[in-house]
Amino acid sequence: MAKVKDFYAYLNSIAPFEAQEDWDNSGMLVGDENAEVTKAAVVLDITPEAVEKAKSAGANLIISHHPVIFNPIKSVVKGSLPYELVKASVNAICCHTPLDIADGGTNDSLAELLGIKVIRAEEPILRLGTVEKTTAKELADSIAKKLGTTVRYADAGRPIEKIAICTGSGCSLIEAAGDIDSFITGDASHHNFLDCIQSGITLIAAGHYETEIVVVPVIVKKLSEQFPEIEIIDLKQDNPIKFI
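Since the model is a prediction, treat every value here as computed from it, not as a measurement. (Residues numbered from 1 in each chain as written. Predicted model: local features only at pLDDT ≥ 70, side-chain atom pairs only at ≥ 80, totals over all residues. Heavy atoms only, no water.)

Caption draft 1: Just the nonpolar core, in detail. The biggest cluster of nonpolar side chains holds 27 residues, and the ones touching the most others in it are Phe7, Leu61, Ile93, Leu223 and Ile232. Of all the secondary-structure elements, those providing two or more residues to this core are α1 (4-14), β2 (39-43), β3 (61-64) and α9 (215-226). Among all residues touching Ile232, those that are not within four sequence positions of it are Phe7, Ala40, Val42, Val220, Leu223 and Ser224. (Core = buried A, V, L, I, M, F, W, Y, C linked by side-chain atoms within 4.5 Å. Buried < 20%, exposed > 50% of the residue type's maximum accessible area, 1.4 Å probe, protein only. Helix = DSSP H or I, 4+ residues; strand = E, 2+ residues; numbered from the N terminus. Contact = heavy atoms within 4.5 Å.)

Caption draft 2: Region of interest: the packing of aromatic side chains. Summed over the entire model, instances satisfying the criterion amount to four aromatic pairs. Ring centres of Tyr8 and Phe17 lie 4.6 Å apart, and the angle between their planes is 15°; this geometry places the pair in the stacked category. Aromatic ring contacts, followed pair by pair, group Phe7, Tyr10 and Phe227 into a single cluster. (Phe/Tyr/Trp six-rings, centres within 6.5 Å; stacked < 30°, edge-to-face > 60°.)

Caption draft 3: Representation of the sheet that holds strand β10 (residues 202-205) in the model. Across the sheet, which stays open at both edges, the six strands sit in the order β5-β6-β8-β9-β10-β7 with mixed pairing between neighbours. Among the strands making up the open sheet, the edge pair consists of β5 (118-120) and β7 (152-154). In this sheet, adjacent strand axes meet at a mean angle of 20° when their direction is disregarded. Inspection of the sheet shows strand β8 (residues 160-166) paired to strand β9 (residues 182-185) by four bridges, in the parallel sense. Counted as the bridge partner of Ala164 is Phe183 from β9. Contacting β5, β6 (127-134) and β8, helix α5 (residues 106-114) runs over the sheet at an angle of about 140° to β8. Packed on one face of the sheet, helix α6 (residues 136-147) meets β6, β7, β8, β9 and β10 and runs near 15° to β10. (Pairing = 2+ DSSP bridges. Axes fitted to C-alpha atoms, helices over the stretch in contact; angles between N-to-C directions.)

Caption draft 4: Region of interest: the environment of Glu132. Within the secondary structure, Glu132 is located in strand β6. Placed 16 residues apart in sequence, Glu132 and Ile116 show a C-alpha to C-alpha distance of 9.7 Å.

Caption draft 5: Focus on the packing of α1 against α9. Close contact between α1 and α9 brings their axes to 11 Å; oriented N to C, the two are set at 120°. Considering their axes alone, α1 and α9 lie oblique with respect to each other. Note that α1 runs across α9; the crossing there is right-handed. In this structure, α1 uses Phe7, Tyr10, Leu11 and Ile14 to contact α9, whose residues at the interface are Lys222, Leu223 and Gln226. Here the residues of the contact of α1 with α9 are counted per class, giving five nonpolar, one polar and one charged. (Parallel < 35°, antiparallel > 145°, perpendicular 65-115°, else oblique. Left-handed = near helix turned anticlockwise from the far one by under 90°. Nonpolar A, V, L, I, M, F, W, Y, C, P; charged D, E, K, R; others polar.)

Dropping the structure here:
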């Protein structure tokens, strides 16, 4: 039977934890690396509901994209996620920016779903690609349909061919993308949109959840192939943000 540390080693082989950004907290964050894995669950976020669903399903390992412990904590008390994980005997491995950077990871999964062929930029978390000449509205509409969601966009008023992709909150990397016509990400502020218009870049914000949840089935598939003797499940989280 595979152990938690075997899952960690495999994830480290496809998305090296040492590549994480300085501000990130990816890795083995809660539990016992020598515990045998009965069943593993993959999620975008470790939430109280996710812990309960994993426990009910008989899973003693959760692999998430976002870290369950991000900022330093001063206590571990009842109701906190680390406490509830330990109480439920559920281990947690979190793979955040290493998975964004990795070949076949978050950014590549989004690009593939959008049908955009991309390459890694000099900034390794970014992806650069080209699309057939299109307009901002046409590109935004295509992304919205493929992700099954609504998107926000600001039209810089020029045809789009050269694009950059960064899932989640990627606007701090717009300048690093270089000469592009459009930047596709998850989150963007009002001022991000204004700055992009002024720079001649169409900014498309398709949602943090929507741009990153696409990697969950990819990881489920990879883990199922690597550990065929262990059931790997997708806990099927919904977007916690609702629109009226």
